[in-house]
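The residues making up each chain are set out below.
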Amino acid sequence: MAVQTVSQILTSLVLAAADAAADTAGRAGVLPVVESVASTGNPRFGDYQSNHAFRLGKALRSNPRAVAEQMVARMPAHPAVARIEVAGPGFINFYLDDAWLCRQLVAQHQDRAGGVPQVEPGRTVVIDFSSPNIAKRMHIGHMRSTIIGSALQRLYEACGYTVVADNHIGDWGTQFGMLIVAWRRWLDPQAFERDPVGELERLYVAFRDAAATDPALDDLARQETARLQAGDPENRALWQRFIDISLREFQGVYDRLGVAFHVTLGESFYHSALPGVVEALLAAGLAEKSDGAVVVRFPDDHPVKAVRGRTLVIEKSDGAYLYGTTDLATLEHRLATWSPVEIQYITDGRQQLHFQQVFAVWRSWRTWRKLDPNAVKLVHTWFGTLKLPEGAMSTRKGNVIRLVDLLDEAVRRARAVVDAKSPDLSAQQRAEIAEAVGVGAVCYADLAQNPQSDVVFDWDRMLAMEGNTAPFLMYSYARCRSLQRKGGPKAAAVPLSAAACPHQLERALVRTLVRLPEVVAAALASHRPNLLCDYLFECAQATNRFYFELSVLQADTAEQRQSRLALIELTAGVLERGLAILGVPSLPRM
RNA sequence: GCCCUCGUAGCUCAGGUGGAUAGAGCAACCGCCUCCUAAGCGGUAGGCCACAGGUUCGAAUCCUGUCGAGGGCGCCA
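Calculation rules
- Residues numbered from 1 in each chain as written.
- Chains lettered and ligands numbered in written order.
- Predicted model: local features only at pLDDT ≥ 70, side-chain atom pairs only at ≥ 80, totals over all residues.
- Heavy atoms only, no water.
- Helix = DSSP H or I, 4+ residues; strand = E, 2+ residues; numbered from the N terminus.
- Buried < 20%, exposed > 50% of the residue type's maximum accessible area, 1.4 Å probe, protein only.
- Contact = heavy atoms within 4.5 Å.
- Areas by Shrake-Rupley, 256 points an atom, 1.4 Å probe, with all protein chains shown as cover.
- Lys, Arg positive; Asp, Glu negative; His and termini not counted.
- Charge placed at Lys NZ, Arg CZ, Asp CG, Glu CD.
- Expected span 1.5 Å × (residues − 1).
- Domains from an automatic or database assignment.
- Buried area = accessible area lost by both parts, 1.4 Å probe.
- Salt bridge = Lys/Arg side-chain N within 4 Å of Asp/Glu carboxyl O.
- Polar contact = N/O pair within 3.5 Å; in protein donor to acceptor, adjacent residues only side chain to side chain.
- Pairing = 2+ DSSP bridges.
- Axes fitted to C-alpha atoms, helices over the stretch in contact; angles between N-to-C directions.
- Near = heavy atom within 4 Å.

Asker: Give a detailed account of the overall build of chain A, specifying residues and quantitative values.
Answerer: What chain A contains, in helices and strands, is 21 helices and 13 strands. Projecting the C-alpha coordinates of chain A onto the three principal axes gives extents of approximately 85 × 70 × 40 Å. Within chain A, the fraction of its 590 residues that count as buried is 52%. At a minimum sequence separation of 6, the contacts of chain A that also span at least 24 residues come to 74%. Summed over all atoms, the accessible surface of chain A reaches about 26,200 Å², with 51% contributed by carbon and sulfur. Computed over 63 positive and 64 negative side-chain charges, the separation of the two mean positions in chain A equals 4 Å.

Written out as C-alpha cells, the structure reads:
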C-alpha cells in the first residue's frame, strides 16, 4: 500500500468538504477539481492551507469566508488534523497533529519510494541528453544538458517511470572527412598517445586553419566523407576508432558525474533510415522540392505560432541530410522500440524553433498515416545558454573551459578545505571526500537555479562551498551520520513512539522533512530540479538549527536521546534520497 | 520584420499554472567554537519585483502597451 502524501490526504478532505458544502447549497458537483492543499510559507497560518473556498464562493456566488466556515463544519475528521481554522477572507488553515506527523514521516521513510507517489508501472520515458560531438573534448557548454538531463532521469525514476537514457552523440558529420584528411597528413603519434581526443581536436583545428588558405582541402574532405558514407573499409575503421576513443574519454567524465546511459545511439545509427523519411514526406505531400533541396513549409495559419511561415530543410541540394531529418527518424525508432509515453529532449534554448518544427512535421506525418499524432508526449526541455564573462565559447577561438579542468579545480579547492577541517583522516579518505565534494558542488551549482536562466560562468560561484551548495547539504548529512556513529548501535532505529517532537525546532524539522514527496512530484511536473535543491537546502538549515540548539547525545532523558536520534535517522534519509536524485553523493563523514 | 526568453536587495539568483508581511546565498556590519564537525548558528542593514495601464476579493505572478537585454528565423547542430 503506497503512502499518501500529506497534500493528497488534505486535498481529499477538502474535496469532501467542498462537495458537502455545495450540496447544501443545492449545487452538488459544481467544482469537481480542487486546487491541491499546499504547505504554508508561514507557520502563523498553520502547516497547510487551502484556498478552495474562494473558488467555491465564486461558483456559488456567496461570501468566501462563509463558504470556508461551511466547509470546515463539514470537513470529515482525520487523525492528521489537529485543528482547522478559517482565516482572513476565506483561507482554510490546517494544523497537523504532532504524533501523526511523526508517524507519517516514519511511514515515508520506510516506504521504498520515500513516499513519492508512483505512476502505474510500465510507463516509459525516453530522455535525450548530453549528446556531445565525437572527436572533441567536452567543455563546460556540455555540462548543463548532461547534469540537468541526468537529474531529470532520476526524478522520473523516483516517480516510478521506466527511463531510457539515450546519448544521441554527433558521430556522422562532415567533420569526419576533415579529420581523416588531417589524420593522414599531420598526426603527431606521441601527442595522440598522451591525449587522444586532444590530438583529434588539434587536428580538426589544424584542418580548419589550413583550409582557410587552401580550398582544395575542403574538396578532399568532402571526398573522404563520401567514401566513409559509402562504406570504404579504411575510412570506416578510422571513423570507428575516433568514436571509440571519444566514448572512452566521455565515459571518464560521466563516471565522475554519476551519469549513466542505457543506449548511445548517435546520428550514424539512423543514417540508413533518412532517405525513407524524405521519400515518405514527399509522398505524403508534406514536403516539396525547392531550389534542389527538399523542404517542409509551414503555413501562416499553422496552429503552432512559432513555426508559422517557416521552413524546415530535410535534404540539402547536394543530397545530404540534416539534423531535422535525423530527428524524425530517431523519433520513429524510439516510438517503435520503447513505446514511450513521453520523449524529453534536453538542449539549449536556441533550439526551440527547431524542435517545434520537428514535432509539428512529425505530427502531420502521423495524421497523414492515420496514426494518433499525440501517441507520445514530445517535450523540449530547454535550458539557458552558458556564456563566459567575455562572451561565447568557441573551440576555434580556443577560449573553452574543459569539463575535466572544471572538475579538477573543484576537487582541488575541496581538498584544501578537507585538509584544513579533517586532518585526522587518511590522505586516501581526504582524496575521496574531495572528489565527491568538488564534483557535487559543480553539479549542484548548475541544478540549483532555474534551468531556463542564462548563466555567465563564474569559477567562484560554481565552486562555492558555503550557503546553498552541495557541500553544505553533504555536511549536514555527514553530521547526522556522525551523531549516529557516536550514539551507539541502536542510533539508527526509528521507533514510532520515540519520534515524538516536543520542541519547536524538532517540530519544524519534521514538518519540513515530510514534504519531500510533494517536492519531488512538483520538481518533476515543472522539470525544475532547482525546486528540489531549494527544498533540501531548507531541510539542511532546519537540521543545523536543530542540532546546534538541542543536544542529541547529551539529551536530558534516555527517551529524548532516542527520539532525537530517530529524528536524525529520518533527516539523513531525506537528505540522502534527495541528493541521490540530484546525483550528489552522500558521505558518512567529511 | 516575425517568433522565443528575460528585467526582483550592492552582486548572483529563488519564487512566476494568482493567495496572507516578496525569500535565499554572497558581500557588509554585530554576536557565538573549554560543549555531538563553525562547510555551521543567531542578529542588523539592504526592495515603487523595469515602467504604464487592465483583469480579480487578491497581481512579482495573468493580459495589453512602452523601454531595456539576450537568443532564434530553408540548405549548421
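Asker: Requested: an account of helix H13 (residues 352–368), with residues and values cited.
Answerer: Between its first and last C-alpha, H13 extends 24 Å over 17 residues, near the 24 Å set by a 1.5 Å rise per residue. The inward-facing, buried residues of H13 abut helix H11 (274–283), strand E8 (293–297), strand E9 (311–315), helix H12 (323–338), strand E10 (342–348) and strand E11 (377–383).

Asker: So, the domain arrangement of chain A: which residues are in play, and what are the values?
Answerer: When its domains are assigned, chain A resolves into domain 1 (6–96) and domain 2 (403–582). Measuring from the centre of the C-alpha atoms in domain 1 to the corresponding centre in domain 2 gives 35 Å. A buried area of about 550 Å², summed over both sides, lies between domain 1 and domain 2, and 36% of it is on carbon and sulfur atoms. In this structure, Arg511 and Asp47 form a salt bridge, with 3.5 Å as the shortest nitrogen-oxygen distance. Taken together, the connections running from domain 1 to domain 2 amount to six residue pairs in polar contact (both at pLDDT 80 or more).

Asker: Lay out the sheet that holds E9 in plain terms, naming residues and giving numbers.
Answerer: If you walk across this open sheet you meet the three strands as E7-E8-E9, and the pairing is antiparallel. A single partner strand is all that each edge strand has here, and the edge strands are strand E7 (287–290) and E9. Put simply, the sheet's adjacent strands are angled 40° from each other on average, direction ignored. With four bridges joining them, E8 and E9 adopt antiparallel strand pairing. The residue of E9 that forms the bridge with Val295 is Val313.

Asker: Tell me about unusual backbone geometry, and name the residues and values.
Answerer: Even without being a glycine, Arg61 presents a positive backbone phi close to 55°. Following the sequence through the fold, Arg61 ends up in the loop between helix H2 (52–60) and helix H3 (64–73). The residue Ser130 is not glycine, and still its phi comes out positive at about 75°. Looking at the secondary structure, you find Ser130 in the loop between strand E5 (124–128) and helix H5 (143–158).

Asker: Any details on the sheet that holds E11? Residues and values, ideally.
Answerer: Where strands meet in a sheet, backbone hydrogen bonds hold them as pairs that are either parallel or antiparallel. Pairing is parallel in the open sheet, where four strands are placed in the order E6-E5-E10-E11. Two strands in the sheet have a free side with no partner beyond their single neighbour: strand E6 (162–166) and E11. Neighbour-to-neighbour, the strand axes of the sheet open up by a mean angle of 20°, direction not taken into account. Pairing of E5 with E6, which is carried by five bridges, proceeds in the parallel orientation. The partner of Val126 across the bridge, within E6, is Val164. In this fold H13 packs onto E10 and E11, with an angle of close to 175° to the strand it touches most, E11.

Asker: Help me get a handle on the protein's contact with RNA strand B, residues and values and all.
Answerer: Of all residues adjacent to RNA strand B, which total 66 residues, the nearest are Arg44, Val313, Lys316, Lys421 and Ser453. Considering RNA strand B, the proportion of its atoms within 4 Å of the protein that are sugar or phosphate atoms stands at 57%. At a separation of 2.5 Å, a sugar or linking oxygen of RNA strand B approaches a polar side-chain atom of Tyr475. One of the backbone N or O atoms of Met590 is found 3.0 Å from a base nitrogen in RNA strand B. Mapped onto the surface near RNA strand B, the elements with two or more residues apiece are strand E4 (91–96), E8, E9, H13, helix H14 (403–421), helix H17 (470–487) and helix H20 (529–549).

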